[in-house]
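# Architecture at a glance
Chain residues, written in single-letter form:
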Amino acid sequence: METINDKAEEGRSDYKGAKLGMWFFLITEILFFGVMFMLYSVNRSKYPHAFHIAALEENLVIGSVNTIILITSSFTMALSITAIRRGNKMLSSWLQLATIVMACLFLINKYFEWSAKIRLGIYPASPALLQKDKGEVLFYSLYYVMTGIHGFHVLVGIGVISTMLFFTLKEKINSESFVKLENTGLYWHFVDIVWIYLFPLFYLVT
Amino acid sequence: MNSFYSNIGPRQGLAAWMLSTDHKKIGIMYLAALLLFFSTGTLIGVLMRLNLISPGTFMGAQTYNRLFTIHGIIQIFLFIIPGIPVSFGNFFLPILIGARDVAFPRINRLSWWLYLAGAGLLLASLFFGGGALDTGWTFYAPYSIQTRTNVSLAVFAVFILGFSSILTGINFVTTIHRLRAPGMNWHRMPLFVWTLYSTGWVQILATPVIAISLLLIILERFFGLGFFDPSKGGDPVLFEHLFWIYSHPAVYIMLLPAMGIISEIIPVFSRKTIFGYKAVAYSALAIASVGYLVWGHHMFTSGMSDTARVVFSFITFIVAVPSGIKVLNWVATLYKGSIKLDPPMLFALSFIFLFSIGGLTGLVIGALATNLHLHGTYFIVGHFHYVMFGGMGMSFLAALHYWFPKMFGRMYSERQAKIGWLILFIGFNLLYFSMFVLGFNGMPRRYFDYPPQYFTGHLVSTIGSWVLVTGLAIIFRNLIAALFKGPQAPDNPWGGKTLEWQVPSPPPHENFVEIPVITSGPYSF
């Protein structure tokens with residue numbers, strides 16, 4: 001890799017450096033979620049039958065709708081970057097807003113899903129859950145932790161994309177300098193991809 | 001030319017420092033904080049030793065439990081792990097590769113703030129809600145889930161510190177990839193930079209694992225998830241695995257930069273280029289990668305299959321090879337060199353000596369048969385203090401004496417430094433070598449009281465702790481005096497060849513008037 005101190009000299013931001021840093025951050029995120037996926041594998045192999053029973057209770061409709069929402073939001077995110085690169089500020093802003101709206105929809109669905117479960121008495125250490133098989137207890141603990149931490153990432157994403165929208169409107173992000181938006185896109189795709197794994201593991205594989 | 005201490009921003013005083021993105025100012029602030037926590041941790045250690053010559057006279061058993069936990073947490077999470085990268089790494093990495101700052105100066109400042117926040121929360125956890133935790137620094141489940149002491153806040157503090165560590169790692173790796181001066185190719189980088197690079201990768205690849213594990217401990221305490229609780233189908237050994245998947249590589253986060261500093265100092269004070277530059281450079285990467293796969297050796301008695309134990313033991317022996325390569329290359333550098341025993345060199349040489357003892361005893365406990373006898377005894381305590389304090393600690397002091405004139409523009413009394421070093425060295429061996437003997441004879445670690453046959457060993461060790469603290473006091477008194485009254489330091493007091501010695505002491509804003517063009521390797525004596 002060539003050195004680019006001349007660029008730092010000119011006081012311009014280092015595009016490649018910013019992207020590199022973001023990828024390193026995503027590696028740490030992969031490991032962060034990786035541990036949870038490992039916990040899932042360990043417990044699934046320990047309690048295959050209980051996991052099968054527990055997964056039948058999941059609401060496949062909400063899960064599928066959320067998957068479609070999140071994938072579409074990744075698409076609008078990617079489009080917003082292309083729009084800003086072509087200098088179309090308003091289109092990019094609308095697309096970012098669409099991404100934010102879909103992220104909110106995802107969380108609203110999640111809220112209904114969680115509260116339905118909690119109403120049934122299924123939450124960590126609940127009396128109803130503790131009566132069930134140990135494997136089912138762990139399945140739901142994993143469900144709440146993994147979708148919860150993923151949901152937190154969605155929430156952070158809403159905050160970050162909103163900031164980017166503000167920057168775009170202020171023209172701090174423009175067709176010359178858009179690495180912030182691009183890195184936000186990388187983050188958002190990552191959040192999407194985690195869901196792509198969560199969805200089959202909790203809803204489809206029974 | 002104005003040194004970086006002179007204020008060029010609109011803010012004054014503390015705000016000018018806290019809001020600064022200058023890698024040198026951030027490095028100095030980190031250094032001050034590290035030394036503060038190091039002193040605190042050391043004093044707690046002395047209190048523990050005091051209890052052990054007369055158990056029960058000075059404190060109760062529960063106080064002792066809390067003290068050894070806080071001692072470990074402060075020394076490890078607030079001093080050794082951030083340690084060299086955040087202080088000397090921050091100050092010197094950009095200068096050594098010919099850059100004006102790190103790749104992300106504002107993230108660097110954020111990581112400093114996170115470090116402060118983590119430290120603040122940790123201190124708060126000692127006084128609120130159940131008080132100082134008593135789990136030992138390892139937070140092993142299931143006890144960490146059951147104890148009424150304030151585990152949640154302390155563990156959250158460590159989580160924040162981990163965040164700070166990750167950001168520093170990302171920042172340094174990106175800096176080394178992107179900001180090297182023209183002509184500074186990979187094989188012309190100073191070896192300290194190589195070790196910071198390897199360390200950065202370990203920070204990126206290992207720290208997230210502890211972050212999520214600690215988060216799970218907190219969630220477990222609040223919601224009763226059951227991952228580590230056998231009554232709910234969980235497995236406490238799983239926590240040990242997750243903990244050590246980070247915490248063993250963390251040993252190399254502590255040690256690699258320490259080795260890098262030794263690789264800087266040895267050539268300068270032997271007036272010779274380093275022997276086997278590439279071997280030393282790549283052995284850092286080798287340690288970082290193989291070190292990721294040896295965590296199981298902390299758990300030989302925790303319940304693992306024999307196959308797993310044999311494999312972990314074997315890889316543990318493999319990881320000793322690159323460390324051996326480094327030691328042999330340092331010694332080969334000394335051979336026929338023109339050795340000057342200035343204070344930095346004395347600390348560096350004692351690093352090689354003490355680290356070798358620490359490393360070799362590591363092999364003793366890395367072997368399965370001997371591990372069964374020594375596991376959980378003072379032998380382990382002796383081993384890791386030789387590696388941590390004898391290794392990282394000595395290297396930290398070596399760096400402090402080596403770069404002090406550059407960082408502060410003042411010179412300290414070399415005579416005082418040597419006296420301090422000698423007393424420290426004697427105290428160190430009294431304190432920790434006794435632990436090998438105690439442990440070999442079966443004294444378990446973390447015990448408040450013991451049968452009378454261990455008294456002599458504990459007495460020698462405690463006396464050693466007093467000698468050691470005396471040495472440290474002389475060293476720091478000398479440096480603090482130099483800070484205020486020391487004579488002006490020249491730009492290059494030791495005759496070093498790396499880039500930091502080509503700029504004024506202390507360095508100016510943005511380090512270089514003109515970015516240097518590099519045409520040769522770092523140690524051309």
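These notes cover the structure that comes with them. None of these values were measured; they are calculated from a predicted model.

The secondary structure content of chain B amounts to 16 helices and zero strands. A compact globule built from 525 residues would reach a C-alpha radius of gyration of about 24 Å, and chain B, at 22 Å, matches this within 12%. Counting only C-alpha atoms and orienting by the principal axes, one finds that chain B spans roughly 65 × 50 × 45 Å. Across the 525 residues of chain B, 56% fall into the buried class. When contacts within chain B are restricted to residue pairs at least 6 apart in sequence, those whose partners lie at least 24 apart make up 84%.

Taken together, the contacts link 35 residues of chain B with 30 residues of chain A. Taken together, the elements giving at least two residues each to the side of chain B that touches chain A come down to α7 (151-178), α8 (191-223) and α9 (236-270) of chain B. For the side of chain B that touches chain A, the element with the highest residue contribution is α8 of chain B, accounting for 10 residues. Among the residues making up the side of chain B that touches chain A, the classes are represented as 23 nonpolar, eight polar and four charged.

Now for the packing of α8 of chain B against helix α10 (residues 277-290) of chain B. All names here are of chain B. Interhelical geometry of α8 versus α10 gives an angle of 15 degrees and a closest axis separation of 9 Å. In terms of orientation, α8 lies roughly parallel with respect to α10. Judged by the twist between their axes, the crossing of α8 over α10 is right-handed. Across the interface between the two elements, Leu191, Trp194, Thr195, Ser198, Trp201 and Val202 from α8 touch Val280, Ala281, Ala284, Leu285, Ile287 and Ala288 from α10. The residue makeup of the contact of α8 with α10, split by class, is 10 nonpolar, two polar and no charged.

Residue and element names in this part refer to chain B. A cis geometry characterises the amide bond from Ala141 onward to Pro142, with omega recorded as 5 degrees. Within the secondary structure, Pro142 is located in the loop between α5 (105-127) and α6 (143-146). Residue Pro506 follows Ser505 across a cis peptide bond; omega there is -15 degrees. Along the chain, the position of Pro506 falls in the segment after α16 (455-485). Phi at Glu510 takes a positive value of approximately 60 degrees, unusual for a residue other than glycine. Looking at where Glu510 falls in the secondary structure, it is placed in the segment after α16. For Glu510, a count of 14 C-beta atoms within 10 Å corresponds to the partly exposed category.

How each quantity is defined
- Residues numbered from 1 in each chain as written.
- Chains lettered and ligands numbered in written order.
- Predicted model: local features only at pLDDT ≥ 70, side-chain atom pairs only at ≥ 80, totals over all residues.
- Helix = DSSP H or I, 4+ residues; strand = E, 2+ residues; numbered from the N terminus.
- Rg over C-alpha atoms; globule rule 2.2 N^0.38 Å.
- Buried ≥ 20, exposed ≤ 12 C-beta atoms within 10 Å, placed from the backbone.
- Contact = placed C-beta atoms within 7 Å.
- Nonpolar A, V, L, I, M, F, W, Y, C, P; charged D, E, K, R; others polar.
- Axes fitted to C-alpha atoms, helices over the stretch in contact; angles between N-to-C directions.
- Parallel < 35°, antiparallel > 145°, perpendicular 65-115°, else oblique.
- Left-handed = near helix turned anticlockwise from the far one by under 90°.

Scope: geometric values only; no functional claims are made or implied.
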